[in-house]
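Below are the chains, spelled out letter by letter.
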Amino acid sequence: YGLLFLAGVAIAPGFSCIYDLVGRTTPPEISVEAFSWVASAIQLGAAVGAAVGGVLVQDAGTRTAMLCAGLVGVGTATVGVLGRRYFVREHVPAV
């Protein structure tokens, strides 16, 4: 249960960072659309992750499913770090 707790603790700060990043980098005239895309992507990821995770647990076992989830996390972090210059514009302070 401790590992589940640690994984859950990271969710709220992660969402906060995502929404803050979108708020800082999106022009005001399209911010509603940008936030809608983020919310849709989160829901889609949760749905696909649950479906794929269920199939993996059933067919390959819990260890394989957890390993795959960890690899997806590492892959996502790698794309974020390596692609940072493409994803994030310089922050311009509000006037």
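See the structure printed just above.
Figured I'd write up the structure that's included with this text.

What counts, and where the lines are drawn
Residues numbered from 1 in each chain as written. Predicted model: local features only at pLDDT ≥ 70, side-chain atom pairs only at ≥ 80, totals over all residues. Heavy atoms only, no water. Helix = DSSP H or I, 4+ residues; strand = E, 2+ residues; numbered from the N terminus. Rg over C-alpha atoms; globule rule 2.2 N^0.38 Å. Buried < 20%, exposed > 50% of the residue type's maximum accessible area, 1.4 Å probe, protein only. Areas by Shrake-Rupley, 256 points an atom, 1.4 Å probe, with all protein chains shown as cover. Lys, Arg positive; Asp, Glu negative; His and termini not counted. Charge placed at Lys NZ, Arg CZ, Asp CG, Glu CD. Phe/Tyr/Trp six-rings, centres within 6.5 Å; stacked < 30°, edge-to-face > 60°.

1. Quick notes on the overall build of the chain
Within the chain, the secondary structure is distributed over 5 helices and 0 strands. Walking the chain from its N terminus toward its C terminus, one meets helices and strands in the order α-α-α-α-α. A globule of 95 residues ought to have a C-alpha radius of gyration of about 12 Å, yet the chain, at 16 Å, is considerably larger. Each principal axis of the C-alpha atoms in the chain carries an extent, and together these give about 55 × 25 × 25 Å. Within the span of the chain, comprising 95 residues, buried residues form 7% of the whole. When the accessible area of the chain is evaluated, it comes to approximately 7900 Å², of which 71% is carbon and sulfur surface. Between the averaged position of the 5 positive side-chain charges in the chain and that of its 5 negative side-chain charges there is a distance of 11 Å.

2. Comments concerning the packing of aromatic side chains
Under the counting rule described, the total for this entry stands at 1 aromatic pair. Consider the rings of Tyr 19 and Phe 35, whose centres lie 5.8 Å apart with planes at 20°: the pair is stacked. Of the two residues, Tyr 19 is situated in helix α2 (residues 11-25) and Phe 35 in helix α3 (residues 31-60); the sequence distance between them amounts to 16 residues. Residue classification places Phe 35 among the partly exposed positions, given a relative accessible area of 31%.

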